[in-house]
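Observations on chain architecture
Below, each chain spelled out in residue letters.
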Amino acid sequence: MHTMSRDEWREFVMSGGRTGKLAIVRADGSPHVVPIWFVLDTVGDQDYVIFNTGENTLKGKALRRDGRFSMCVDDEAPPFSFVTISGVAEVSEDLDEMLPWSTKIGGRYMGEDVAEQFGKRNAVKGELLIRGRITKVVAQAAIAD
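1. Focus on the overall build of the protein
If you tally the helices and strands in the protein, you get 4 helices and 8 strands. Each helix and strand of the protein, placed in order from N terminus to C terminus, yields the pattern β-α-β-β-β-β-α-β-β-α-α-β. Seen through its principal axes, the protein has C-alpha atoms that stretch 45 × 40 × 30 Å. By the burial criterion, 41% of the 145 residues in the protein qualify as buried. Counting contacts in the protein only where the partners sit at least 6 residues apart, residues at least 24 apart contribute 72% of the total. On the protein, roughly 7,700 Å² of surface is accessible, and the fraction owed to carbon and sulfur atoms is 51%. In the protein, the 18 positive side-chain charges and the 22 negative ones have mean positions that sit 6 Å from each other.

Right, here's the structure in full:
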């Protein structure tokens, strides 16, 4: 087992079509976990998780109420690896800001040939762009070695 470097964990979470398992807190204090499509962004030395959600979804409502979140990305095959990310969400309804990110996310998960289609589908009124400022990362590789 070894702790991944920043470059290693960023490559790991962006590898293929791995989804993030996003954890938020419901209004009653109970936990909620759901898979999400996402990409990473970096501004200066600050890393961000970027994803979309509907404004009326549990995720959308929870992140507006309390921006804190956690997310796990894992490899379910031996020797097993994982990255957990904690952060604080910034929520935007700006469709011009949303479109390029929705397109990148669509391209990552559905392929570049339909990226624009998915971007336009997801950058519409009623959708939110979530820019999660990463505050903590735990990244372990080959934990079964």
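2. Section: the packing of aromatic side chains
In the structure shown here, the tally under the stated rule is 2 aromatic pairs. Judged by centre distance (5.0 Å) and plane angle (10°), the ring pair of tryptophan 37 and tyrosine 109 falls under stacked. Pair noted here: tryptophan 37 is in the loop between strand 3 (31-36) and strand 4 (39-43) and tyrosine 109 is in helix 3 (residues 95-110), with a separation of 72 residues, a long-range link. Among the residues examined, tyrosine 109 registers a relative accessible area of 14% and is labelled buried. Centroid distance tryptophan 37 to phenylalanine 118: 6.2 Å. Interplanar angle 50°. Geometry classified as tilted. You can see tryptophan 37 sitting in the loop between strand 3 and strand 4 and its partner phenylalanine 118 sitting in helix 4 (residues 115-122), a full 81 residues away along the chain.

3. Quick word on the nonpolar core
In terms of nonpolar packing, the biggest core is built from 34 residues, with Trp9 and Phe38 touching the most fellow members. The element contributing the most residues to this core is strand 8 (residues 127-141), with 6 residues. If we skip the residues at most four places from it in the chain, tryptophan 9 touches Met4, Leu40, Asp47, Val83, Ile85, Ile134, Val137 and Ala139.

4. What to know about a negative patch on the surface
Together, Glu90, Asp94, Asp96 and Glu97 make up a region of like negative charge exposed at the surface. Structurally, the position occupied by glutamate 90 is in strand 7 (residues 81-92). Under the relative-accessibility criterion, glutamate 90 is labelled partly exposed at 39%.

5. Comments concerning the pattern of salt bridges
This structure, assessed with the given rule, holds 8 salt bridges. Each of the salt bridges in this network shares a partner with another, and the network as a whole consists of Arg6, Arg10 and Asp47.

What counts, and at which threshold
Note on numbering: residues in each chain are counted from 1, in written sequence order. Thresholds applied to this predicted model are a pLDDT of at least 70 for local features of residues and 80 or more for the giving and counting of side-chain atom pairs; totals over whole chains, interfaces and linings are not thresholded and use all residues. Values reported for side chains reflect all heavy atoms of the structure, with hydrogen atoms and water molecules removed beforehand. Put simply, DSSP H or I for four residues or longer makes a helix, DSSP E for two residues or longer makes a strand, and each gets a number counted from the N terminus. We call a residue buried when its accessible area falls under 20% of the maximum for its residue type, exposed when it is over 50%, and partly exposed in between, using a 1.4 Å probe and counting protein chains only. Pairs of residues are marked as contacts when any of their non-hydrogen atoms sit within 4.5 Å. Note on areas: Shrake-Rupley, 1.4 Å probe, and residue coverage restricted to the protein chains presented here. Think of it this way: Lys and Arg go in the positive column, Asp and Glu in the negative one, and His and the chain ends go nowhere. Charge positions come from single atoms, namely NZ of Lys, CZ of Arg, CG of Asp or CD of Glu. Aromatic contacts are taken between Phe, Tyr and Trp rings whose centres are within 6.5 Å, Trp giving its six-membered ring; a plane angle under 30 degrees counts as stacked, one over 60 as edge-to-face, and the others as tilted. What makes a nonpolar core is a set of buried Ala, Val, Leu, Ile, Met, Phe, Trp, Tyr and Cys residues whose side-chain atoms join them at distances within 4.5 Å. By definition, no residue in a patch forms a salt bridge, and every one has over 30% relative accessible area; like charges are joined within 9 Å, nonpolar side chains (Val, Leu, Ile, Met, Phe, Trp, Tyr) within 5 Å. Take a side-chain nitrogen of Lys or Arg and a carboxyl oxygen of Asp or Glu: if they are within 4 Å of each other, that pair is a salt bridge.

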